[in-house]
2 protein chains.
Amino acid sequence: MQGVLESRGASAGSGLTERQGAVLEQALRLLVDGGEKALTTAGVARAANCSKESLYKWFGDRDGLLSAMIGYQASKVRTLDVSAGALDAAGLRRHLVAFAKDLLDVLAGDVSLALNRLAIGQASREGSKLGHMLQERGRRQIGRRAGALLEAGRKARLLAFDDAEEAYGALYGLVVSDWHLRMLLGEEPGEMKKSFSRRAERAVDAFLTLYGKKE
Amino acid sequence: MQGVLESRGASAGSGLTERQGAVLEQALRLLVDGGEKALTTAGVARAANCSKESLYKWFGDRDGLLSAMIGYQASKVRTLDVSAGALDAAGLRRHLVAFAKDLLDVLAGDVSLALNRLAIGQASREGSKLGHMLQERGRRQIGRRAGALLEAGRKARLLAFDDAEEAYGALYGLVVSDWHLRMLLGEEPGEMKKSFSRRAERAVDAFLTLYGKKE
DNA sequence: TGCGAACCGTACCGTACGGTACTGATGGAG
DNA sequence: CTCCATCAGTACCGTACGGTACGGTTCGCA
């Protein structure tokens, strides 16, 4: 059905053709630049040089387009796994700091902020799966990387915790605090980004004070 | 101008009459129930039994209405100050736990979530002061209470920290972690609320491990 | 009793959006 | 060459919203 060569490339098995991916790229661009209000079907069609009819054929609905945008963006972000080699204390700290810095960078990204704003705006009315999708594809993903890292630290007798979820929650809170919310509310991230490194190190130090094994 | 008896009552000196406050109450109700999409001028007028013309006369604009809603809600929430009496370790912990629990309760409240969603949704386009207002009236307010509490703890030689802002950030992160974002994204707070007490105590214990003075 | 201000209810207007239908062009398959 | 599917571009429709204008009513005040 519908042609033999679909030339699906960057879609990561999402069932999307290259063309559709390019359209989603333009839609994300529009969303980042102008917010949800700028994300109209006519606008997407114009920006992507496609017809509205094709949009509805491919994504069925405006909500379908939004879901596809989240899925597409999530498929592009791949969480690199921690090298499972033997860890010493300095190596664990280095890995934790790298994780914290990556976390802050991801949360401060244009696309991440725009998609989170979109999902939060849609979260009021019932039946909107956007929030759930973002939660599942975003937090769970990065949570897995953190979980693996923490587990490796425990295996190496460098960390001590009973509930991995609680330890991860503490790490997340120490790293992020209320910065994510402030950026979502529109605070300019320009000045903040420069302090991410120092912030990540401080947070990891505090985390290790809480959960690091005292020799 | 406009009548001698304005009968301003619950407006806390915001220059609002009782009638206007009641209208804002209904507007908040609409926002909580149906999200921003349900917050139409006609809907507010119908719910509050007033005319659209009056709405525009009082608030000038739809954005003016939104700003007035935030200001009105902020004027209702008064942060009770900590009793400045002498603190012992147990008292400090009790105060911190109470603060943490209040913080979680406030963040999980219907109106708070709805207003945060509204401000975040408007944060994309430039010139929207809603995010700034919410930040100023919300976080700054509760941050002052926390700051006073931390300062009292330091005065009593129960806490040790150099940067009060950093200590407050750690406390906030340990208490809230990513729960606020999850609730903003639509996760049902029903199941979470029951664990707030335990969560607050755990977070305060961790905070005291980090910043409590070791005798 | 008459005046005037405020206000409710509603009708109205322009616009913009979601979604659909139609036309014409392209390009591959038989 | 012909047929057929896909798609771009555009016109179109119904609806809903922000904002304005108007008639009717209440109520304080002289």
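In what follows, the structure referred to is the one given above.
A brief structural summary.

Criteria and cut-off values
Starting afresh in each chain, residues are numbered from 1 along the sequence in its written order. As they are written, the chains are lettered A onward and the ligands numbered 1 onward, keeping that order. Where local features are concerned, this predicted model is filtered to residues with pLDDT of at least 70; where side-chain atom pairs are given and counted, the filter is 80 or more; whole-chain, interface and lining totals use all residues. Excluding hydrogens and water, the side-chain figures rest on all heavy atoms present in the structure. In this text, buried Ala, Val, Leu, Ile, Met, Phe, Trp, Tyr and Cys residues form a nonpolar core when linked through side-chain atoms within 4.5 Å. Note on exposure labels: buried denotes an accessible area under 20% of the residue type's maximum, exposed denotes more than 50%, and partly exposed covers the range between, all computed with a 1.4 Å probe on protein chains only. Any pair of residues with heavy atoms lying within 4.5 Å of one another is described as a contacting pair. Secondary structure elements follow DSSP: runs of H or I of four or more residues count as helices, runs of E of two or more count as strands, with numbering from the N terminus. Two aromatic rings from Phe, Tyr or Trp, using only the six-membered ring of Trp, form a pair when their centres are within 6.5 Å; if the ring planes differ by under 30 degrees the pair is stacked, by over 60 it is edge-to-face, and anything between is tilted. Being near a molecule or strand, for a residue, means having at least one of its heavy atoms within 4 Å of it. Between N or O atoms, a polar contact is any pair within 3.5 Å; within protein, one atom must be a potential hydrogen donor and the other a potential acceptor, and residues adjacent in sequence are included only when both atoms are from side chains. We place the copies in one frame by least squares, fitting the C-alpha atoms of every residue whose pLDDT is at least 70 in both.

Overview of the nonpolar core
No. 1: Counting 133 residues, the largest nonpolar core has A:Met69, A:Leu174, A:Phe207, B:Met69, B:Leu174 and B:Phe207 as its most contacted members.
No. 2: When residues no more than four places from it in sequence are discounted, the contact partners of A:Met69 are A:Leu24, A:Ala27, A:Leu28, A:Leu31 and A:Leu39.

A closer look at unusual backbone geometry
No. 1: You will see that A:Asn49, though not glycine, has its phi angle at about 55°, which is positive.
No. 2: Within the element layout of this structure, A:Asn49 appears in the loop between α2 (41-48) and α3 (52-59).
No. 3: Assessed through its relative accessible area of 68%, A:Asn49 is described here as exposed.
No. 4: Its identity is not glycine, yet B:Ser177 carries a phi of approximately 50°, on the positive side.
No. 5: With respect to the helices, strands and loops of the structure, B:Ser177 is situated in the loop between α8 (164-176) and α9 (179-184).
No. 6: According to the relative accessible area criterion, B:Ser177 is buried, its value standing at 7%.

A short note on the packing of aromatic side chains
Residue and element names in this part refer to chain B.
No. 1: The tally for this structure, following the rule as stated, stands at eight aromatic pairs over all chains.
No. 2: When the centroid spacing of 6.3 Å and the interplanar angle of 85° are considered together, the rings of Trp-58 and Phe-59 count as edge-to-face.
No. 3: Relative accessible area serves as the criterion here: at 10%, Phe-59 is assigned to the buried category.
No. 4: Measuring from ring centre to ring centre gives 6.0 Å for Trp-179 and Phe-196, while their planes differ by 55°; the resulting arrangement is tilted. Note that Trp-179 is positioned in helix α9 and Phe-196 in helix α11 (residues 196-211), a separation of 17 residues in sequence.

Let's talk about the protein's contact with DNA strand D
No. 1: The immediate surroundings of DNA strand D are formed by 16 residues, with A:Arg19, B:Lys52, B:Glu53, B:Asp61 and B:Arg62 found nearest.
No. 2: Within 4 Å of the protein, the contacting atoms of DNA strand D are drawn from sugar and phosphate to the extent of 56%.
No. 3: In the environment of DNA strand D, a base oxygen lies 3.5 Å from a nitrogen or oxygen atom belonging to the side chain of A:Glu53.
No. 4: A distance of 2.4 Å separates a base oxygen of DNA strand D from a polar side-chain atom of B:Lys52.

Overview of the relation of the copies chain A and chain B
No. 1: The two copies are related by a screw operation: chain A maps onto chain B through 180° of rotation and 0.0 Å of translation along the axis, at an RMSD of 0.1 Å. Within this description, the copies of the chain are treated as partners about a two-fold rotation axis. Residues of chain A ranked by C-alpha distance from the rotation axis are headed by A:Gly173, positioned 1.9 Å from it.
No. 2: Interface residue correspondence from chain A to chain B reaches 100%, placing this contact among same-surface, isologous pairings.

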